[in-house]
Amino acid sequence: MRISHILRLTVAAGLGATALNMVGLISPAEARVADTQATCLHPKTNAAIAGARGGPRGTDHRGISLAEQRAIERETNNRLAARGISASQSRALVTKRVPVYFHVMRDAKGHGNVTNRQISRQVTVLNNDYSSLGFSFKLMGISRHNNTAWHNDRKSAHYRALTRRGGANALNIWLVDFTYLGIATFPWDYRQRRAIDGIRVHFDSLPGGSIIHFNLGGTATHETGHWLGLYHTFQGGCTTTNDQVTDTPAESTPTTGCPTTRDSCPANGTDPIHNYMDYSWDSCYEEFTAGQAARAHKMWAAYRA
C-alpha cells in the first residue's frame, strides 16, 4: 500500500472547481503495506523502515489477517442482503461517478504546493486507469492550507475531520509529505470513521513530481483501489484466498521495479506485476482484472452507493 475551512479562491479556468484556502499554522520510504488502513511505503529506503511495517492491528506486509478478511466478507454480504441487492446486481459494471476533493497541505515555506495542472492531470490519470472498471472521477474542489504540521501529516485525524467534504461516495485526497507513498481507508470502515475517510498521497507522487519511478500518478490510482475495497495482489501470499479475487495470480511478496516476468508462487500464473495493486513502478502499471472490477462494484454497492 502508494485536508479545508473558510476563504474561497477561484481555481484556474478549466478545472471547474472551488479552492479553499486556510492560513494557519518523512521523506518517502519503500514499497506500497496494508493495515486497517492501506499503508503504502516508498521503495527508496525500504531497509530503513522494514521493521515498521504493519498497522495498528499487528498486521504484516501482506495486510489484514484472514480472519479479518472473512469477517469483512460476511459483513459485506449481509449489507447487500439487507438492501435487497443480489450478488449479480452488486457486480454490475454500470459506471459509478465519483466526486473528488483535493486538499493541498503546504508548509510555512510553501513546500507541497502542487499546481492546479498537476491535480487536473492526476484526475485524468484516475479516469484513464479506472475506465475499464466502470468508475469515472470528477474534480469538485481544491483546498489549500498553510500548516506545517498538516503538511508533515501531523494530527492527521484532526485535519481530515476538519476538511473532508462529501458523503461516502466522495473521494477526498490529502496531499502531504510523509514517509509513505500513500495511505487509504477501506470502504467497510466508513460507518465508524467517516470523518477521516479518503486517501493521503505524497504530494511529489502526482504527475510531474520528483519521486523517481513514482511520479506518474500511479500512487493515487493504487490508493483509490484500496478506497474501493481492493487488497494488494500479494495479500495473503501464496494462498488460494490471497486478495479475494480469483483472476489475480497469487504472489508471495511485492514486486520491485518492473521485471520482465516474475513467478513467486507454485500455483498457476505468473505474478501480476502490471497490476495497479502491486508495488511496481508507475511505468509498469497497466491493468486491473475483471475480478477486481467486480469486487470494487460489490464494495461500492455495500458501502459507498
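*Asks:* Let's hear about the pairing of strand 5 (residues 135-146): which residues, and what values?
*Replies:* Of all 12 residues that make up strand 5, 9 are buried, and the element is covered over most of its length. Crossover handedness for the path strand 4 (residues 96-106) to helix 4 (residues 116-130) to strand 5: right-handed.

*Asks:* Which residues make up unusual backbone geometry, and what values go with them?
*Replies:* Unusually for a residue other than glycine, K155 sits at a positive phi of about 50 degrees. Along the polypeptide, K155 turns up in the loop between helix 5 (148-151) and helix 6 (156-163).

*Asks:* Mind laying out the packing of aromatic side chains, listing which residues take part and the relevant values?
*Replies:* Taken as a whole and assessed by the stated rule, the structure comprises 12 aromatic pairs. A centroid spacing of 4.8 Å and a plane angle of 35 degrees characterise the contact between Y130 and F288, whose relative ring orientation is tilted. Of the two residues, Y130 sits in helix 4 while F288 sits in the loop between helix 8 (218-227) and helix 9 (290-304), which places them 158 residues apart along the sequence. The exposure class of F288 is buried, given its relative accessible area of 10%. Its guanidinium or amino end placed over the ring of W174, R160 lies 6.0 Å from that ring's centre, counting from NZ or CZ.

*Asks:* So what about the pairing of strand 8 (residues 199-202)? Which residues, and what values?
*Replies:* Neither face of strand 8 is open: one carries I199 and V201, the other R200 and H202, and all of them are buried. Pairing of strand 6 (residues 171-176) with strand 8 involves 4 bridges; the strand directions are parallel. Within strand 8, the position partnered with L175 by the bridge is V201. Pairing of strand 7 (residues 180-185) with strand 8 involves 3 bridges; the strand directions are antiparallel. Paired with G182 across the two strands is V201, which belongs to strand 8.

*Asks:* Residue-level account of the packing of helix 4 against helix 8, with values.
*Replies:* Axis separation between helix 4 and helix 8 bottoms out at 9 Å; the angle between their running directions is 55 degrees. Classed by the angle they form, the pair helix 4 and helix 8 counts as oblique. At the point where helix 4 passes helix 8, the crossing takes the right-handed sense. Contacts between helix 4 and helix 8 involve Q122, V125, L126, D129 and Y130 on the former and, on the latter, A220, T221, T224 and G225. Broken down by class, the residue content of the contact of helix 4 with helix 8 amounts to 4 nonpolar, 4 polar and 1 charged.

*Asks:* Any chance you could break down the confidence of the model for the protein for me, citing the residues and the numbers?
*Replies:* Overall, the prediction assigns the protein a mean pLDDT of 82, with 80% of residues at 70 or greater. Segment residues 1-35: pLDDT under 50, and 173 contacts once partners within four positions in sequence are set aside and those in other chains are kept.

*Asks:* Tell me about helix 4, and please be specific about residues and values.
*Replies:* For helix 4, spanning 15 residues, the distance from its first C-alpha to its last is 21 Å, which sits close to the expected 21 Å at 1.5 Å a residue. Of all the residues in helix 4, the buried ones are N116, Q118, I119, Q122, V123, V125, L126, D129 and Y130. Each element contacted by the buried residues of helix 4 is listed here: strand 4, strand 5, strand 6 and helix 8.

*Asks:* Mind laying out the state of the cysteines, listing which residues take part and the relevant values?
*Replies:* Think of a disulfide as a covalent bridge from one cysteine sulfur atom to another cysteine sulfur atom. Under the counting rule described, the total for this entry stands at 2 disulfides. Paired by a disulfide, C258 and C284 hold their sulfur atoms 2.2 Å apart. Given an S-S torsion of about 70 degrees, the disulfide between C258 and C284 has right-handed geometry. With C258 in the loop between helix 8 and helix 9 and C284 in the loop between helix 8 and helix 9, this pair connects stretches of sequence that are 26 residues apart. Of note for the protein: the bonded cysteines, numbered N- to C-terminal, pair according to 1-3, 2-4.

Criteria and cut-off values
- Residues numbered from 1 in each chain as written.
- Predicted model: local features only at pLDDT ≥ 70, side-chain atom pairs only at ≥ 80, totals over all residues.
- Heavy atoms only, no water.
- Buried < 20%, exposed > 50% of the residue type's maximum accessible area, 1.4 Å probe, protein only.
- Helix = DSSP H or I, 4+ residues; strand = E, 2+ residues; numbered from the N terminus.
- Right-handed = clockwise from strand over helix to strand, strands pointing away.
- Phe/Tyr/Trp six-rings, centres within 6.5 Å; stacked < 30°, edge-to-face > 60°.
- Lys NZ or Arg CZ within 6 Å of the ring centre and 35° of its normal.
- Pairing = 2+ DSSP bridges.
- Axes fitted to C-alpha atoms, helices over the stretch in contact; angles between N-to-C directions.
- Parallel < 35°, antiparallel > 145°, perpendicular 65-115°, else oblique.
- Left-handed = near helix turned anticlockwise from the far one by under 90°.
- Contact = heavy atoms within 4.5 Å.
- Nonpolar A, V, L, I, M, F, W, Y, C, P; charged D, E, K, R; others polar.
- pLDDT = per-residue confidence, 0-100.
- Expected span 1.5 Å × (residues − 1).
- Disulfide = S-S within 2.5 Å.

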